[in-house]
Amino acid sequence: MMDLLTPDKTHDESRQGEAMMLEQTAEKHNGRKLYIESYGCAMNFSDSEIVASILLDKGFETTKDYNNADVVFINTCSIRENAEQRVRNRLKEFTVAKVKNPGMIVGVLGCMAERLKAKFLEEEKLVDVVVGPDAYRDLPNLIDQVDDGQKAVNVLLSREETYADINPVRLNTNGINAFVSIMRGCDNMCSFCVVPFTRGRERSRDPQSIIKECTDLYNQGYREVTLLGQNVDSYKWKPEATEAAEISINDITGVNFAQLLEMVALINPDLRVRFSTSHPKDITDEVLHAIAKYENICNYIHLPVQSGNSRVLDLMNRTYDREWYMERVEAIRRIIPGCAISTDMIAGFCTETEEEHQETLSMMDFVQYDYAYMFMYSERPGTLAAKRYTDDIPETVKNRRLNEIVNKQRAHSHLRLQEQVGKVQRVLIEGFSKKSNLDYCGRSNNNAMVVFPVSESYKPGQYVNVFIDRCTTATLIGKVI
Ligand code: SAH
Ligand code: SF4
Ligand code: F3S
C-alpha cells in the first residue's frame, strides 16, 4: 500500500540511492556462491527463482554443489509433519558441511521459517538465517548481518508484496516450461491447512507484470507457462486509485482470473497456458468458457476435493459440499468435453467415519480422476482443526483408507490413459525421456506424459502430433505422425 502511494519523485530519488548502494554491495558479494534447494509446492520452487534473482543482482553466482557454496538456502514446506521432517534431515546434512566449512551461511526460507520463526535458531544451532516468504527482498541485508557475526531473522508477512517487478532467474530449467506466480497467500481458512499462517493474506499480482513475464518467457523460447496461486479462481486485481488514473488509457478497471487467462493465452497461440490450483467453491463458468475458447489453454484442471462427504467438508471448512463439487465437475464436462481433472485427497480427517470414507471413494468413481495427490491427515499446530477437533483416527485406519484411495486412483489413472490409446495427441516436446536418450517426452494438452522415439526432424520446444499405440500405468507411448 505504502509503495503505491509514494509520489513518483521521491520514488525515483530513492531508486537512485538504491542503485548506488547496489553497485557497492554487488562488489562485496561478487563471486560468492549460492546453493538453493526447494521443497513443497510449485509456489516454493517459483519463490526460489525470485530469491536467486535478488541475490544474483548483488553479485552472487549459483552453484549445484552445496559443499562448495558460501550460502546454502533450503526453501521449506510445512504442509504435513513428514514434509518438515524431510527438511530437518536435509538440514543435518548441510550442517555437517558447515562444520567442515565454518564460513558457510546456512539459511532456512519459506513456510517452515514462517511457522517456527526465531525458534528455528534455538532448535537448529547451525542455522544462521531464517526468512519468511514475504521477506526475500531483505535477504542481502540479512546476509550482511550474518557476515557481521549475528544471526538474522525476518518473518514479516506483507499484504502487498507480490515481487511483481522481480525477474525470476530460472533454476533447473529445461527452457520450455516455467512457473509464473500470479498471486500469493490464501484467505480460505481450510481447517486442516497451515498455508494461511505461513503465507499470509491473499493478494493478486499486477496483470501487466504477469503478461510481461510471460511474453519475455515466450521470446526466450519457453512454450508453456503455469500460472500459480493457492486459489487462482479468486485472482482479482484492482488498480489503486492513483494508479487507475494513469492506466485508464488502457481501460483496465479490474481483472479477474478468466480475463487474465485470456490475456495470457493471447500472447501467442504457441504458448501453452496451465494453472494451479482451482478451488471448487470459486471456479466459474466464465473460467471454463475461457479454457474452451482458446486452443492453447490446456484442458486440465486441478480441482482438489479433499473429501467426498459433506459433513467432513464442512468440518474442513471447504465451504462447498458434495453436491456443489459434483455440479462443478458436470459443468467442466459440459463446457470442456474431455478435460482432464486431478485432485488432492485427505484420508482420515478428524472424526471421519467408515461411511464418510466410502463417500470419498464413490466421489472418485463419479469423477474418475486422471490423477490425484493423496495424503493421510497430519495435524498441524495452530490450525483450526488442531484447536477444535481431535485427531482421532488411528494411524493404521488412516493408512488403510489411504491405500484404498490410492488403489482406486491407480485404476482410474490407468483407465484415463487407456482412453487415449489409438488417438492422436498434440505434444509439446520437453526433452529426452527419463529412461532413454533414444526417446523424447512431453505432455499432451491433457497433461499426460507421452514418450516417443527421437528423430532429427523435431526438437524440444516444438509441438508434434503423436499417435498413441499403448500405455503403461503412468505414461502414453506412441509415434510422431
Ligand atoms: N491451495 C490448494 C492446496 C494447497 S496444499 C487447495 O486449496 O486445494 C496441497 C494439498 O495438501 C491440499 O490440497 C491437501 O490435500 C493437502 N494438505 C494440506 N494440509 C494437510 C494436512 N494437514 N494433512 C494432510 N494433507 C494436507
Ligand atoms: Fe490451504 Fe485451503 Fe488455502 Fe488451499 S485453499 S492453501 S487448502 S487454506
Ligand atoms: Fe508447503 Fe508452503 Fe507450499 S506449506 S505446500 S510450501 S505454500
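Residues numbered from 1 in each chain as written. Chains lettered and ligands numbered in written order. Predicted model: local features only at pLDDT ≥ 70, side-chain atom pairs only at ≥ 80, totals over all residues. Heavy atoms only, no water.

Q: In this structure, what is going on with the overall build of the protein chain? I would like to understand it.
A: When helices and strands are tallied, the protein chain shows 17 helices and 21 strands. Relative to the globule expectation of 23 Å for 481 residues, the C-alpha radius of gyration of the protein chain, 23 Å, shows essentially globular dimensions. The burial tally for the protein chain puts 54% of its 481 residues in the buried class. Of all intrachain contacts in the protein chain linking residues separated by at least 6 positions in sequence, the fraction that spans at least 24 positions is 73%. (Helix = DSSP H or I, 4+ residues; strand = E, 2+ residues; numbered from the N terminus. Rg over C-alpha atoms; globule rule 2.2 N^0.38 Å. Buried < 20%, exposed > 50% of the residue type's maximum accessible area, 1.4 Å probe, protein only. Contact = heavy atoms within 4.5 Å.)

Q: Sorry if this is basic, but what is going on with the pattern of salt bridges here?
A: Pairing is possible between side chains of opposite charge, provided their charged atoms come close. Enumeration according to the criterion identifies 40 salt bridges in this entry. Between Asp391 and Lys398 there is a salt bridge; the shortest N-O distance is 2.9 Å. On the basis of relative accessibility, which here comes to 3%, the residue Lys398 falls in the buried class. The partner of Glu430 in a salt bridge is Arg443, and the shortest N-O contact between them spans 3.0 Å. Separated by 13 residues along the polypeptide, Glu430 in strand 17 (residues 424-432) and Arg443 in strand 18 (residues 439-444) bring together distant segments of the chain. Across the pair, Arg443 and Glu430 agree in class, each one buried. Counted as one network, the salt bridges with shared partners bring together Asp47, Asp134, Arg184, Arg199 and Arg203. (Salt bridge = Lys/Arg side-chain N within 4 Å of Asp/Glu carboxyl O.)

Q: Which parts of the structure should I look at to understand the domain arrangement of the protein chain?
A: You'll often see interface size given as the accessible area lost when the parts meet. Looking at the protein chain, the domain boundaries give domain 1 (9-154), domain 2 (177-418) and domain 3 (424-480). Relative to domain 3, the C-alpha centre of domain 1 lies at a distance of 37 Å. (Domains from an automatic or database assignment.)

Q: I tried to follow the site of ligand 1 on my own but got confused; where do I start?
A: Contacts to ligand 1 come from 15 residues, most closely from Phe192, Gln230, Gln306, Asp344 and Ser378. With respect to ligand 1, the side chain of Arg80 contributes an N or O atom lying 3.1 Å from an oxygen atom. One of the side-chain nitrogen or oxygen atoms of Arg318 is found 3.2 Å away from an oxygen atom of ligand 1. Considered on its own, ligand 1 offers 540 Å² of accessible surface; in the complex 90% of this is hidden by protein. (Near = heavy atom within 4 Å. Polar contact = N/O pair within 3.5 Å; in protein donor to acceptor, adjacent residues only side chain to side chain. Areas by Shrake-Rupley, 256 points an atom, 1.4 Å probe, with all protein chains shown as cover.)

Q: Can you walk me through the sheet that holds strand 16 (residues 371-376) in this structure?
A: Two pairing modes exist for strands in a sheet, parallel and antiparallel, and in both the strands are linked by backbone hydrogen bonds. Judged by pairing direction, the sheet is parallel, and its three strands sit side by side in the order 14-15-16 without closing on themselves. The open sheet has two free edges, formed respectively by strand 14 (300-302) and strand 16, since each of these has just one partner strand. Neighbour-to-neighbour, the strand axes of this sheet turn through a mean angle of 10 degrees, independent of strand direction. Sheet topology places strand 15 (residues 340-347) next to strand 16; six bridges connect them, and they run parallel. Bridge pairing in strand 16 places Met345 opposite Met374. (Pairing = 2+ DSSP bridges. Axes fitted to C-alpha atoms, helices over the stretch in contact; angles between N-to-C directions.)

Q: How should the sheet that holds strand 6 (residues 152-154) be read in this particular structure?
A: Here six strands make up an open sheet; going across it, the order is 2-1-3-4-5-6 and the pairing parallel. Of all the strands in the sheet, just strand 2 (61-62) and strand 6 have a single pairing partner and so form its edges. This element, helix 3 (residues 42-56), spans strand 1 (33-38), strand 2, strand 3 (71-76) and strand 4 (105-110) of the sheet and lies at about 170 degrees to strand 1. Running over the sheet, helix 4 (residues 81-100) touches strand 1, strand 3 and strand 4 and is turned about 175 degrees from strand 3.

Q: Help me out: how do you make sense of the pairing of strand 17 in this one?
A: One ladder, built from five bridges, connects strand 17 with strand 20 (residues 463-471); its direction is antiparallel. Residue pairing in the sheet places Val424 in a bridge with Phe467 of strand 20. Sheet topology note: the strand 17/strand 18 ladder contains five bridges and is antiparallel. Note on strand 18: the bridge partner recorded for Leu428 is Arg443.

Q: Even after reading the chapter, I still don't get unusual backbone geometry, so can you show me in this structure?
A: Trans is the common state for peptide bonds, and a negative phi is the common state for residues other than glycine. Cis peptide bonds are those with omega within 30 degrees of zero, and the linkage from Ser276 to Thr277 qualifies with 10 degrees. Looking at the element boundaries, Thr277 is found in the loop between strand 13 (272-276) and helix 12 (285-293). The phi dihedral of Thr351 falls on the positive side, at around 65 degrees, and the residue is not glycine.

Q: Even after reading the chapter, I still don't get empty space enclosed by the protein, so can you show me in this structure?
A: Where empty space is left becomes clear once a probe the size of a water molecule has been rolled over the atoms. In this structure the tally under the stated criterion is one cavity of 30 Å³ or more. In this structure, the largest cavity spans a volume of roughly 50 Å³. Taken together, Ser46, Ile50, Thr162, Tyr163, Ile166, Pro168, Phe179, Val180, Ser181, Arg205 and Glu213 make up the full set of residues lining the largest cavity. Every element with two or more residues in the lining of the largest cavity is listed here: helix 3 and strand 7 (177-181). (1 Å grid on protein atoms, 1.4 Å probe; cavity = no way out; pocket = protein on both sides within 12 Å on 5 of 7 lines; lining within 4 Å. Points joined across faces, edges and corners; volume = space filled by probe spheres on them.)

Q: Can you help me understand the packing of helix 3 against helix 7 (residues 139-147) in this one?
A: Geometrically, a packed helix pair is captured by the angle between its two axes and the distance between the axes. Look at helix 3 against helix 7: their axes get within 9 Å of each other, and the N-to-C directions meet at 65 degrees. Relative to helix 7, the element helix 3 is oriented roughly perpendicular. Note on element contacts: helix 7 touches helix 3 through Leu139, Pro140 and Ile143, opposite Val51, Ile54 and Leu55. Along the lines of polarity and charge, the residues of the contact of helix 3 with helix 7 split into six nonpolar, no polar and no charged. (Parallel < 35°, antiparallel > 145°, perpendicular 65-115°, else oblique. Nonpolar A, V, L, I, M, F, W, Y, C, P; charged D, E, K, R; others polar.)

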